[in-house]
Amino acid sequence: MNKLSFNKLALEDQVKYFNTKLKSGKNISQICKSINISYSTIRDRFKRNNYVYSRIINQYENIDNIEAAGEAEGGQEADAHLWHCLGPLGGLYGGFEAG
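I will try to describe carefully the structure that is included in this document.

About the criteria used
- Residues numbered from 1 in each chain as written.
- Predicted model: local features only at pLDDT ≥ 70, side-chain atom pairs only at ≥ 80, totals over all residues.
- Heavy atoms only, no water.
- Buried < 20%, exposed > 50% of the residue type's maximum accessible area, 1.4 Å probe, protein only.
- Helix = DSSP H or I, 4+ residues; strand = E, 2+ residues; numbered from the N terminus.
- Arc of directions from axis to C-beta.
- Polar contact = N/O pair within 3.5 Å; in protein donor to acceptor, adjacent residues only side chain to side chain.
- Salt bridge = Lys/Arg side-chain N within 4 Å of Asp/Glu carboxyl O.
- Axes fitted to C-alpha atoms, helices over the stretch in contact; angles between N-to-C directions.
- Parallel < 35°, antiparallel > 145°, perpendicular 65-115°, else oblique.
- Left-handed = near helix turned anticlockwise from the far one by under 90°.
- Contact = heavy atoms within 4.5 Å.
- Nonpolar A, V, L, I, M, F, W, Y, C, P; charged D, E, K, R; others polar.
- Pairing = 2+ DSSP bridges.

1. Some thoughts on helix 3 (residues 28-35)
It helps to recall that an α-helix has 3.6 residues per turn; residues three or four apart then point in one direction.
Alright, step 1. For helix 3, the complete set of buried residues consists of Ile28, Ile31, Cys32 and Ile35. Burial along helix 3 is one-sided: seen end-on, the buried residues are contained in an arc of 95°. Seen from the open side of helix 3, the exposed residues pointing more than 90 degrees away from its buried face are Ser29 and Lys33.
Alright, step 2. Capping of helix 3 at its N-terminal end is provided by Asn27; its side-chain oxygen lies 3.0 Å from the backbone amide nitrogen of Ser29.

2. As for the pattern of salt bridges
Alright, step 1. Counted according to the given criterion, the structure contains 1 salt bridge.
Alright, step 2. We note a salt bridge from Asp44 to Arg43, for which the minimum N-O separation is 3.1 Å.
Alright, step 3. On the basis of relative accessible area, Arg43 is assigned to the partly exposed category, the value being 21%.

3. Considerations on the packing of helix 2 (residues 11-23) against helix 3
Alright, step 1. Packing of helix 2 against helix 3 brings their axes to within 10 Å, and their N-to-C directions diverge by 125°. Considering their axes alone, helix 2 and helix 3 lie oblique with respect to each other. At the point where helix 2 passes helix 3, the crossing takes the right-handed sense. Here Tyr17, Phe18, Lys21 and Leu22 of helix 2 lie close against helix 3, whose contacting residues are Ile28, Ile31, Cys32 and Ile35.
Alright, step 2. Residues that form the contact of helix 2 with helix 3 fall into these classes: 7 nonpolar, no polar and 1 charged.

4. Digging into the pairing of strand 2 (residues 59-62)
Alright, step 1. By the bridge criterion, 4 bridges tie strand 1 (residues 51-54) to strand 2 in an arrangement that is antiparallel. By the bridge assignment for strand 2, Ser54 is matched with Gln59.
Alright, step 2. Count of turn residues in the strand 1/strand 2 antiparallel hairpin: 4 residues, of which Asn58 carries a positive phi of about 55°.

What follows is the structure in C-alpha cells.
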C-alpha cells in the first residue's frame with residue numbers, strides 16, 4: 001500500500017490496517033516506512049480521533065471503548081488492582097498493582 005491509497009481509507013480502516021500489520025510482527029516504524037508516511041502523522045491523526053497505541057496488546061485502541069468497558073464492568077479494574085493511563089505521546093500504558 002502507498003501513502004495515497006492509505007490516506008483514502010476511512011480512519012477505522014487505517015487503524016485496522018495498522019493493527020493487522022502489528023499482529024503480523026511489524027512495528028509501527030516499519031509500517032510507516034512501508035507506506036511512506038511519518039510516525040508523527042499517524043500518531044497525531046489517530047490520537048485526534050481517540051485512538052491510542054497500547055504497548056500491552058501491541059494494537060491501536062479507541063480510548064472511548066476502553067473507558068466504556070471499564071464502566072460496564074462495574075469497577076472490576078479497581079478491585080483487581082489493574083490500571084491504565086495515557087503517556088505523554090499518546091500511548092496507552094497499564095499494569096497490575098499488588099496489594
